Amino acid sequence: MSDKQVSRVVVIGLGRFGSSLASELVARGSEVLGIDSDPKIVQRHADDLTHAVVADTTDPDVMRQLGVHQFFRAVVGIGTDLEASILTTALLVDFDIPNIWAKAISRQHGRILERIGAHHVVLPEHEMGERVAHLVTGRMLDFIEFEDDYAMVKTRAPEEAVGRQLGDSRLRSKYGVTVVGVKRPGEGFTYATADTVVNRGDVLIVAGRTAEVERVADLT
């Protein structure tokens with residue numbers, strides 16, 4: 001699968017959550033197809049997204065015509081219309097889209113979405129659009145931003161650090177970040193030291209300025 005295919009995301013439902021997420025994805029270089037059933041909402045966001053269309057997202061023929069079945073990543077941001085949320089998510093599952101993120105308005109709604117096949121369920125009161133945008137792009141496994149432009153990310157070990165001690169990897173001097181934890185496949189997290197050797201497949205917890213930890217995640 002090409003990088004271009006992976007960087008394309010379809011966002012269905014352009015309410016407050018969906019539109020902020022879609023705009024954040026565009027700002028981070030993703031090509032975004034935004035879909036909503038309300039023409040006024042689509043018109044409002046048409047200039048901000050790569051493509052924005054009005055459509056019934058529960059209709060498989062319409063969705064195929066839009067090429068939704070060819071996307072690698074999809075986000076269902078439909079809000080209060082539970083039936084549309086569930087039917088749309090089920091349709092994406094039928095399309096075998098590898099990464100489906102779905103917004104839930106309650107934990108019960110979230111459990112239903114998980115049962116029908118959503119890979120990730122987002123409860124907006126616990127998730128910010130910006131954080132989810134980082135995760136949807138796939139470079140980060142988790143992202144937490146604190147005040148004063150400081151963040152921690154969970155990301156795969158970059159190739160330039162593999163096989164080297166952290167003290168010799170220059171991640172700190174080159175990128176200004178600190179690796180605070182390392183997780184090897186099949187093991188738990190351990191605190192990282194300058195003597196810790198990074199292996200291929202390791203997961204790192206990296207802390208630093210938001211832009212700097214994003215740069216490190218982009219290396220993976």
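Scroll up to find the structure this text is about.
Caption draft 1: Representation of the overall build of the chain. Scanning the chain from terminus to terminus reveals ten helices and eleven strands. For the chain, the C-alpha radius of gyration of 19 Å lies close to 17 Å, the compact-globule estimate for 220 residues. When the backbone C-alpha atoms are referred to their principal axes, the chain occupies close to 55 × 35 × 35 Å. Taking all 220 residues of the chain together, 44% fall into the buried category. A fraction of 55% describes how many contacts in the chain between residues 6 or more apart in sequence connect residues 24 or more apart. For the chain, the exposed area adds up to about 11,400 Å²; of that, 48% sits on carbon and sulfur atoms.

Caption draft 2: Helix H5 (residues 82-94), seen in detail. A rise of 1.5 Å per residue sets the reference length of H5, with its 13 residues, at 18 Å; its end C-alpha atoms lie 18 Å apart and thus fit the reference within 8%. The elements touched by buried residues of H5 are strand S1 (8-12), helix H4 (60-65), strand S4 (73-76), strand S5 (99-103) and helix H6 (107-116).

Caption draft 3: Expanded view of the sheet that holds strand S8 (residues 150-156). Strand order in the open sheet formed by five strands is S7-S8-S11-S9-S10, and the pairing between neighbours is antiparallel. The open sheet has two free edges, formed respectively by strand S7 (142-146) and strand S10 (189-191), since each of these has just one partner strand. Going across the sheet, the axis of each strand differs from the next one's by a mean of 20 degrees, ignoring polarity. One ladder, built from five bridges, connects S7 with S8; its direction is antiparallel. Within the sheet, the bridge partner assigned to Glu145 lies in S8 and is Ala151. Its contacts with the sheet put helix H10 (residues 210-218) on S7, S8 and strand S11 (203-209), and the angle it makes with S11 is roughly 150 degrees.

Caption draft 4: Expanded view of the pairing of S5. Taking burial as the measure, the five residues of S5 include five buried ones, the bulk of the element. Taken together, S4, H5 and S5 constitute a β-α-β crossover, and its handedness is right-handed. Alignment of S5 against strand S6 (residues 120-122), held across three bridges, turns out to be parallel. Bridge pairing in S6 links Lys103 to Val122. Remark: the S5/H6/S6 crossover connection has right-handed handedness.

Caption draft 5: Fine view of the packing of H5 against H6. Running from N to C, H5 and H6 point in directions that differ by 20 degrees, and their axes come no closer than 9 Å. Judged by the inter-axis angle, H5 sits roughly parallel to H6. Regarding H5 and H6, the two cross each other, and that crossing is right-handed. Contact residues: H5 offers Leu82, Ser85, Ile86, Thr89, Ala90 and Val93, while H6 offers His109, Ile112, Leu113 and Ile116.

Cut-off values and rules
Residues numbered from 1 in each chain as written. Predicted model: local features only at pLDDT ≥ 70, side-chain atom pairs only at ≥ 80, totals over all residues. Heavy atoms only, no water. Helix = DSSP H or I, 4+ residues; strand = E, 2+ residues; numbered from the N terminus. Rg over C-alpha atoms; globule rule 2.2 N^0.38 Å. Buried < 20%, exposed > 50% of the residue type's maximum accessible area, 1.4 Å probe, protein only. Contact = heavy atoms within 4.5 Å. Areas by Shrake-Rupley, 256 points an atom, 1.4 Å probe, with all protein chains shown as cover. Expected span 1.5 Å × (residues − 1). Pairing = 2+ DSSP bridges. Axes fitted to C-alpha atoms, helices over the stretch in contact; angles between N-to-C directions. Right-handed = clockwise from strand over helix to strand, strands pointing away. Parallel < 35°, antiparallel > 145°, perpendicular 65-115°, else oblique. Left-handed = near helix turned anticlockwise from the far one by under 90°.

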